[in-house]
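# Results of the structural survey
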Amino acid sequence: MICETLPLIDLHRHLDGNIRPDTIWDLAQQNGIDLPVEHFNDFIPHVRIQDKASDLMEFLVKLDWGVNVLSSLEDCKRVAFENVEDLSLAGIDYAELRFSPYYMAMKHNLPTADVVAAVIEGVKQGCEEFGVKANLIGILSRTFGLEKCQHELDSLLVHKDHLVAIDLAGDELGKPANLFEDQFKQVANAGLNVTIHAGEAAGPESVWHAIKLLKAQRIGHGVKSYEDKHLLDYLAENNITLETCLTSNYQTGTIDRISDHPIHTFLEHGVKVCLNTDDPAVEGIELKHEYTLAKQQLGLTTQQLQDIQLNALNAAFISDSEKQTLLTEKSAKI
Ligand code: HPA
Ligand code: ZN
């Protein structure tokens, strides 16, 4: 399914949506945090989607135990480090790991800027240990409102030299993108790239807002873009890549079946898409599985899958020479 001579890249992957269930269990014991069950096996349904959720917000609840057990900066560093080990285990060559520092800090009142520093350190150590490349994207969790997002942004910007972009995630329906225009002006002033979750819970107008108001260069999901032909043309003409996450879209109820995903419409319109995981531990999948789904459930050809691997490389928030290095290193490994 995967072209072994091209780098395997995950551009949409939440570090705080990929905390291993056994690490959550371990941290709960270590930190004296009560869990709702006595046996590990009974815990899995609390942290992993069983088939699907009814909507995005029900899906996102499954991420809560992962962050609720983070009682110290050391815990944050540990989960960041393990996220890089997971990349290596999944055969991923390069990833952009995103995280919401306020969401990670919230339960135990950790200093948000220090959480950012701990994640940066954990990922750095992981990259050295496992020989994987990764960059970080900071998230503003819109669910918690404007004030918390400004605090989150301030904390992220302290460490802006260690980030490649800022994202807006969480409750897309309840907290539309237009509320965050001022924050994304600050992001532009800081010289960071922008990717926005849009067209997942809400419709194509949300994707327009992400692009026009927040200056998104990539769109997380963008599923509902298929409803607006003018938007499809705009995405294609402006080379705005959609970060597609098939299993996540099914599990959040954004699509009813994987085979309903509008990826063919996107490809026919010349809209660039790439394949990504979103929250692998919560979904119980890894990136190669998404390529298998694209082939087996959506009938994508080997050529289309190769193009998708290249789309991820092209859309990555790294320099042309770093892209070239990823390409040449991969072919040298064969
Ligand atoms: N959408 C919005 N916020 C999120 C998601 C998602 O799919 N995953 C983790 N946070
Ligand atoms: Zn996401």
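From a predicted model like this one, the values you see are computed outputs, not experimental measurements.

Moving on, we come to the nonpolar core. Ranked by size, the top nonpolar core spans 92 residues in total, and within it Met104, Val123 and Phe184 carry the most contacts. Those residues in contact with Val123 that lie beyond four places of it in its chain are Leu15, Ala80, Phe81, Val84, Leu97, Ala134 and Leu136.

What follows concerns the pairing of strand S3 (residues 133-141). Counting buried positions over the nine residues of S3 gives seven, a clear majority of the element. As paired elements, strand S2 (residues 94-99) and S3 share six bridges and run parallel to each other. Opposite Glu96, over in S3, you have Asn135 as the bridge partner. Relative to strand S4 (residues 165-169), S3 runs parallel, the two being bridged by five bridges. From the neighbouring strand, Ser141 faces S4, where its bridge partner is Ala169.

Our next topic: the coordination of the zinc ion (ligand 2). The zinc ion (ligand 2) binds to the protein through His12 (NE2), His14 (NE2), His197 (NE2) and Asp278 (OD), with metal-donor distances spanning 2.1 Å. Of note is the zinc ion (ligand 2), whose four donor atoms meet at the metal with angles of 83 to 167° in an arrangement that counts as irregular.

With that out of the way, let us pick up the UniProt feature "active site" (unreviewed entry) in the chain. Mapped onto this numbering, the UniProt entry annotates "active site" (unreviewed entry) at Glu200. Mapped onto the secondary structure, Glu200 falls in the loop between strand S5 (193-198) and helix H10 (204-212).

With that out of the way, let us pick up the site of ligand 1. As a matter of local geometry, ligand 1 sits amid His14, Leu56, Leu60, Leu63, Ala169, Gly170, His197, Glu200, His221, Asp278 and Asp279. Here an oxygen atom of ligand 1 sits 3.1 Å away from a polar atom, N or O, in the side chain of His221. Expressed as a share of its isolated accessible area of 260 Å², the protein-covered part of ligand 1 is 96%. The pocket occupied by ligand 1, as judged from atoms lying within 2 Å of grid points, is the largest pocket. Counted by class, the shell around ligand 1 contains four nonpolar, four polar and three charged residues.

On the secondary structure map, Thr292 appears in helix H15 (residues 287-296). For the pair Thr292 and His264, spaced 28 residues apart in the sequence, the C-alpha separation amounts to 16 Å. Once residues lying within four places of it in the same chain are set aside, the contact partners of Thr292 are Met1 and Gln297.

Further remarks concern the packing of helix H7 (residues 112-130) against helix H8 (residues 146-157). Look at H7 against H8: their axes get within 8 Å of each other, and the N-to-C directions meet at 45°. Of the possible angle classes, the one that applies to H7 and H8 is oblique. With respect to the hand of their crossing, H7 and H8 are arranged in right-handed fashion. On H8, the residues that touch Thr112, Ala113 and Val116 of H7 are His151, Ser155 and Leu156. A class-by-class count of the residues in the contact of H7 with H8 yields three nonpolar, three polar and no charged.

This part covers unusual backbone geometry. The backbone of Asn109 shows a phi angle near 50°, a positive value even though the residue is not glycine. Among the residues examined, Asn109 registers a relative accessible area of 70% and is labelled exposed. The phi dihedral of Asn239 falls on the positive side, at around 55°, and the residue is not glycine. Of note, Asn239 is situated in the loop between helix H11 (229-237) and strand S7 (241-244). What makes Asn239 partly exposed here is its relative accessible area of 48%.

Looking now at the layout of surface pockets. Roughly 340 Å³ of internal volume is contained in the largest pocket. Residue lining of the largest pocket: 21 residues in total, with Leu60, Leu63, Tyr103, Ser141 and Gly170 positioned closest to the centre. For the lining of the largest pocket, the elements supplying multiple residues, two or more each, are helix H3 (56-60) and S3. The element contributing the most residues to the lining of the largest pocket is H3, with four residues. Of the residues that constitute the lining of the largest pocket, the class distribution is 10 nonpolar, six polar and five charged.

Right, let's talk about the UniProt feature "binding site: Zn(2+)" (unreviewed entry) in the chain for a bit. Taking the UniProt record as the reference, the feature "binding site: Zn(2+)" (unreviewed entry) is found at His12, His14, His197 and Asp278. In summary, the annotated positions, though distributed over 267 residues, converge in three dimensions, the widest C-alpha pair being only 11.9 Å. Checked against the lining of the largest pocket, the annotated residues just named reduce to His14, His197 and Asp278. Take His14: it is sitting in strand S1 (residues 9-14).

Rules and cut-offs
The numbers attached to residues start from 1 for each chain and follow its sequence in the written order. All chains are assigned letters beginning with A, and all ligands numbers beginning with 1, in the order in which they are written. pLDDT decides what is reported in this predicted model: residues at 70 or higher carry local features, side-chain atom pairs at 80 or more are listed and counted, and totals for whole chains, interfaces and linings draw on all residues regardless. No hydrogens and no water enter the side-chain calculation; it runs on all heavy atoms of the structure. The definition of a nonpolar core used throughout is a set of buried Ala, Val, Leu, Ile, Met, Phe, Trp, Tyr and Cys residues joined through side-chain atoms within 4.5 Å. The rule is simple: take the accessible area with a 1.4 Å probe, protein chains only, and divide by the maximum for that residue type; under 20% is buried, over 50% is exposed, in between is partly exposed. For this analysis, residues touch if any pair of their heavy atoms sits within 4.5 Å. Secondary structure counts use DSSP, requiring at least four H or I residues in a row for a helix and at least two E residues in a row for a strand, with both numbered from the N terminus. What makes two strands pair is DSSP finding at least two bridges between them. Listed donor atoms are N, O and S within 2.8 Å of the metal (Na, K and Ca: 3.2 Å). As water is not included, a site may look incomplete. Just to be clear on the cut-offs, tetrahedral is four donors with all angles between 85 and 135 degrees, square planar is four donors and octahedral six with opposite donors over 155 degrees apart and all others between 65 and 115, and anything else goes down as irregular. UniProt positions are given in the numbering used here, feature names are shortened, and annotations may be inferred rather than shown by experiment. Near residues are defined by distance, with any heavy atom within 4 Å of the molecule or strand qualifying the residue. Between N or O atoms, a polar contact is any pair within 3.5 Å; within protein, one atom must be a potential hydrogen donor and the other a potential acceptor, and residues adjacent in sequence are included only when both atoms are from side chains. For every accessible area listed, the method is Shrake-Rupley and the probe measures 1.4 Å; residues are considered covered only by the protein chains on display. Site definitions follow a grid-based scheme: protein atoms alone, a 1 Å grid, a 1.4 Å probe that fits but cannot get out for cavities, and for pockets an open set with protein on both sides within 12 Å along at least five of seven lines, plus lining residues having an atom within 4 Å of a point. Any molecule with more than half of its atoms within 2 Å of a cavity's or pocket's grid points is regarded as sitting in that cavity or pocket. Amino acids are sorted into nonpolar (Ala, Val, Leu, Ile, Met, Phe, Trp, Tyr, Cys and Pro), charged (Asp, Glu, Lys and Arg) and polar (every other residue, Gly among them). Convention adopted: a line fitted to C-alpha atoms gives each axis, helices being fitted over their contacting stretch, and angles between N-to-C directions are expressed from 0 to 180 degrees. For classification purposes, angles smaller than 35 degrees are called roughly parallel, those larger than 145 roughly antiparallel, those between 65 and 115 roughly perpendicular, and all remaining angles oblique. Each helix crossing is assigned a hand: it is left-handed if the near helix lies turned anticlockwise from the far helix by less than a right angle, otherwise right-handed if that turn is clockwise. Grid points are joined across faces, edges and corners, and a volume is the space filled by probe spheres set on the points.

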